[in-house]
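The residues making up each chain are set out below.
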Amino acid sequence: MKSRLIRALQHLIQEAHGHVSQPPSCHSCSHHMNPDYISQMEAWPQLETMRRLLCQRPPIPELPTEILDDIDAVITYRNNKATLTSATSITPSIIFKPNNHMAAGKSNSKTINISLWKGDITFLTDVTAIVNAANSQLLGCFRPDHRCIDNVIHSAAGPRLRDACNSLMLKQGHPEPVGSAKVTPGFNLPGPWVLHTIGPQANSRKSPGILQQQQLASCYSSCLDATESLPPLPDGRKAVAFCCISTGLFAFPPDIAAKIALETVVQWCLDHPTTSVTDIIFDTFLERDYELYQANISELKTSLASLGDQISFPPSPLNQPKALITPTISKARSWLQEADYLIISAGAGLSAAIGLDYTSTSLFQKHFSGFLHLGLGRLYDVFGFSDWDSPNQKWGYYFLHLNMVRSWPASKLYETLRQLAARFDDRYFVRTSNADGRFVANGFPAEKVSTPQGQYRFLQCLAKCRPDAVFPSDPFVDAALPFIDPKTQVLTDATKIPTCQYCGGELTLCVRGGDYFNSAPFRAQECRWKEYMDDVARNLDGRRAVILELGVGLNTPAVLRWPNEELVEDVSNPGFRLIRAGIGASACAPWDSEEQNLAIGIEGDLNLVVEALVG
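Below is a summary of the structure that appears in this document. (Residues numbered from 1 in each chain as written. Predicted model: local features only at pLDDT ≥ 70, side-chain atom pairs only at ≥ 80, totals over all residues. Heavy atoms only, no water.)

## Some words on the overall build of the protein chain
Here comes step 1: For the protein chain, the count of helices and strands is 20 helices and 19 strands.
Here comes step 2: Against the globule reference of 25 Å for 615 residues, the protein chain gives a C-alpha radius of gyration of 27 Å, in line with a compact fold.
Here comes step 3: When the backbone C-alpha atoms are referred to their principal axes, the protein chain occupies close to 85 × 65 × 50 Å.
Here comes step 4: Here the contacts in the protein chain between residues at least 6 apart in sequence split such that 71% fall between residues at least 24 apart.
Here comes step 5: For the protein chain, the exposed area adds up to about 27,300 Å²; of that, 52% sits on carbon and sulfur atoms.
Here comes step 6: Positive and negative side-chain charges of the protein chain, numbering 54 and 62 respectively, have mean locations separated by a distance of 1 Å. (Helix = DSSP H or I, 4+ residues; strand = E, 2+ residues; numbered from the N terminus. Rg over C-alpha atoms; globule rule 2.2 N^0.38 Å. Contact = heavy atoms within 4.5 Å. Areas by Shrake-Rupley, 256 points an atom, 1.4 Å probe, with all protein chains shown as cover. Lys, Arg positive; Asp, Glu negative; His and termini not counted. Charge placed at Lys NZ, Arg CZ, Asp CG, Glu CD.)

## Considering the environment of Asp387
Here comes step 1: By the element assignment, Asp387 lies in the loop between α12 (361-367) and α13 (391-406).
Here comes step 2: Since its relative accessible area comes to 55%, Asp387 is described here as exposed.
Here comes step 3: Note: C-alpha distance between Asp387 and Leu304 (83 residues apart in sequence) is 54 Å. (Buried < 20%, exposed > 50% of the residue type's maximum accessible area, 1.4 Å probe, protein only.)

## Looking at unusual backbone geometry
Here comes step 1: Between Ile60 and the following residue, Pro61, the backbone shows a cis peptide bond with an omega angle of 5 degrees.
Here comes step 2: As for its placement among the helices and strands, Pro61 is situated in the loop between α3 (43-56) and α4 (65-79).
Here comes step 3: Not every positive phi belongs to a glycine, and Phe187 is a case in point at roughly 55 degrees.
Here comes step 4: Mapping Phe187 onto the fold places it in the loop between β6 (181-185) and β7 (193-198).
Here comes step 5: For Phe187, a relative accessible area of 35% corresponds to the partly exposed category.
Here comes step 6: For Lys464, which is not glycine, the phi torsion reads 55 degrees and is therefore positive.
Here comes step 7: On the secondary structure map, Lys464 appears in the loop between β14 (454-461) and β15 (470-472).

## Digging into the sheet that holds strand β3 (residues 112-118)
Here comes step 1: Ordered in space as β6-β7-β5-β8-β9-β3-β2-β10, the eight strands form an open sheet in which the pairing is mixed. Two strands bound the open sheet, and with one partner strand each, they are β6 and β10 (311-312).
Here comes step 2: Direction of pairing for β3 relative to strand β9 (residues 279-284): parallel, over a ladder of six bridges. Note on β9: the bridge partner recorded for Leu116 is Phe282.
Here comes step 3: Sitting on the sheet, helix α5 (residues 149-157) is in contact with β5 (129-134) and β7, with an inclination near 130 degrees to β5.
Here comes step 4: Each of β5, β6, β7, β8 (239-242) and β9 is contacted by helix α7 (residues 210-228), which is oriented at about 150 degrees to β7, the strand it contacts most. (Pairing = 2+ DSSP bridges. Axes fitted to C-alpha atoms, helices over the stretch in contact; angles between N-to-C directions.)

## Concerning the pairing of β3
Here comes step 1: Where burial is concerned, most of β3 is hidden: six out of the seven residues are buried.
Here comes step 2: One ladder, built from four bridges, connects strand β2 (residues 92-96) with β3; its direction is antiparallel. Bridge assignment links Ile95 to a residue of β3, and that residue is Asn113.

## A word on the pairing of strand β19 (residues 599-603)
Here comes step 1: Counting buried positions along β19 yields four of five residues, so the element is predominantly enclosed.
Here comes step 2: With five bridges connecting them, strand β18 (residues 576-582) and β19 associate as parallel partners. In the sheet register, Ile579 faces β19, and the bridge partner there is Ile600.

## Let's talk about the packing of aromatic side chains
Here comes step 1: Scanning all chains against the criterion turns up 29 aromatic pairs.
Here comes step 2: When the centroid spacing of 4.9 Å and the interplanar angle of 85 degrees are considered together, the rings of Tyr414 and Phe439 count as edge-to-face. Taken together, the residues span a long stretch of sequence, with Tyr414 in helix α14 (residues 412-422) and Phe439 in helix α15 (residues 438-441) at a distance of 25 residues.
Here comes step 3: Exposure remark for Tyr414: the relative accessible area of 0% places this residue in the buried category.
Here comes step 4: Here Phe439 falls in the buried class, since its relative accessible area comes to 3%.
Here comes step 5: A connected cluster of aromatic rings, assembled from ring pairs, spans Phe364, Phe368, Phe371, Phe385, Trp388, Trp395, Tyr397, Tyr398 and Phe399.
Here comes step 6: Between Arg162 and the ring centre of Phe142, over which it is positioned, the NZ or CZ distance is 3.8 Å.
Here comes step 7: The cationic tip of Lys448 hangs over the ring face of Tyr428; the distance from NZ or CZ to the ring centre is 5.0 Å. (Phe/Tyr/Trp six-rings, centres within 6.5 Å; stacked < 30°, edge-to-face > 60°. Lys NZ or Arg CZ within 6 Å of the ring centre and 35° of its normal.)

## Topic: the sheet that holds strand β17 (residues 545-550)
Here comes step 1: If you trace the six strands from one edge of the open sheet to the other, you get β13-β12-β11-β17-β18-β19, paired in parallel fashion. The open sheet is flanked by β13 (449-450) and β19, the only strands paired with a single partner.
Here comes step 2: Of the strand pairs in this sheet, β17 and β18 are connected by six bridges, and their pairing is parallel. What sits directly across from Leu548, in β18, is Ile579.

## Concerning the layout of surface pockets
Here comes step 1: Reported here for the second largest pocket is a volume of approximately 450 Å³.
Here comes step 2: Considering the residues around the second largest pocket, the lining is formed by 26 residues, among which Asp436, Gly437, Val440, Gln455 and Arg457 are closest to the centre.
Here comes step 3: For the lining of the second largest pocket, the secondary-structure elements that each account for two or more residues are α13, α15, β14 and α17 (523-539). (1 Å grid on protein atoms, 1.4 Å probe; cavity = no way out; pocket = protein on both sides within 12 Å on 5 of 7 lines; lining within 4 Å. Points joined across faces, edges and corners; volume = space filled by probe spheres on them.)

These figures come from the coordinates and say nothing about function on their own.
Put into structure tokens, the structure is as follows:
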């Protein structure tokens, strides 16, 4: 598969540089077109390069058939690593039963289930069609850095989707009107069809007008009308999954959009008692949108009470539906079941999976609104930030951050990991780059957890005046919290700013961020980690150790990611296997190692992935 990816990349790069007619080894090409350079790249940057080139590539000229086949094979291989959810496992939020009077004599009258689900729409299977919020050109987004639904769907479907859209537009001869819908095959997507609809663009500075609200409603009704014409699934169902149309780059207010979406779909169901559509799913990617839909469904219970037994509202499920046990998941499960040793290797993606997402703007706004005016919008933005108005402001933030992390609720995800670790008795170890202490807070013994990047539970002397100039952070946080202004979030009492009790100098978080980092508090655990790995190496003959790597990306690959790969690839010490799971780069294992049955990559929400692996 790696050779097909390289061949496709070579063609796309040469095409982008205007050298398609030249042989791949042509000396006039830039170093980026050198086959050796391309082949030496890791799988993830190769995939990202292909994605970006395809995103920017127009449908004309057409790609050669053999290159299209290579690209399809690569995308299929990548998509097979996705953690899929079956639409049949989603509990309905609203159930419509056909009106007996209106549907009399109609054998095709069926119950209509309206459901709410949160996840990546391209990971949803057992659906007839998914809805794409497109633009009027219908060709997808040509900007690789946009994380819009249009980009996500085209990336998962492959370039044949853009080709199909282009054929429709050439035949039509004019831009697609707002509120309409077009149907194309899904190509490499789990579902057979895609419905492309163009939502209205709103002005972020004022509420949408009547026309824009009508246009958004038309998107939903047009997609449902189009679904009527599609063939049913083998089980007789006809299911359509909606994304949140126009609420992204098109700036339609999400609260108004959710209300319009639900009311339009409900009215369409009332107006079509003999519809062949059996399942309508509202897919929200953001927690904010999920909560908005839940609130609007609750309001519908009152407004639709007059319909009696024609409509019902089942109780909301406590948990999201489970992931399908795909061949990839099944293989990883068997590795874990057969393993003698377990290494849990965790990065920032694991914390993000329980809500401690350092890239989240909503999390920052919820907990640190007093610092937005500084240009800060994510927890990551604070790393290396020095433009504080005052030390009081800086420590106001630090104390609130430390308190948020230590107060974070216990997680089912960590509980499931603890259940997995218990299978191995003392033959497991945790090594994490996260400084948040979530493993110990969720019941893992501290002596089984290595934190080479430090921990928030310590403050250290910035000048590192002596090795033991390290202090527990909790007493400082407890003393300062009563003196933090609730509006500005600034520390109002400068005497609460922590200083080193030995030299009187400034303290800082005891996490790796420069030469100032004091690793002394963590050396004992590093020794335990080394002893564990030495023990594994001594006893691995004929046995197997599995590295379960969760949410480890490319921010600090030398800490966990590359050492894990080196363990797996070390032919002098066979027996290691790598299960790499997460989103994006965090899910991409070395393809050479995969082909040698040494590694597995799994992409998806770690809550679903871990549950599937352990259950």
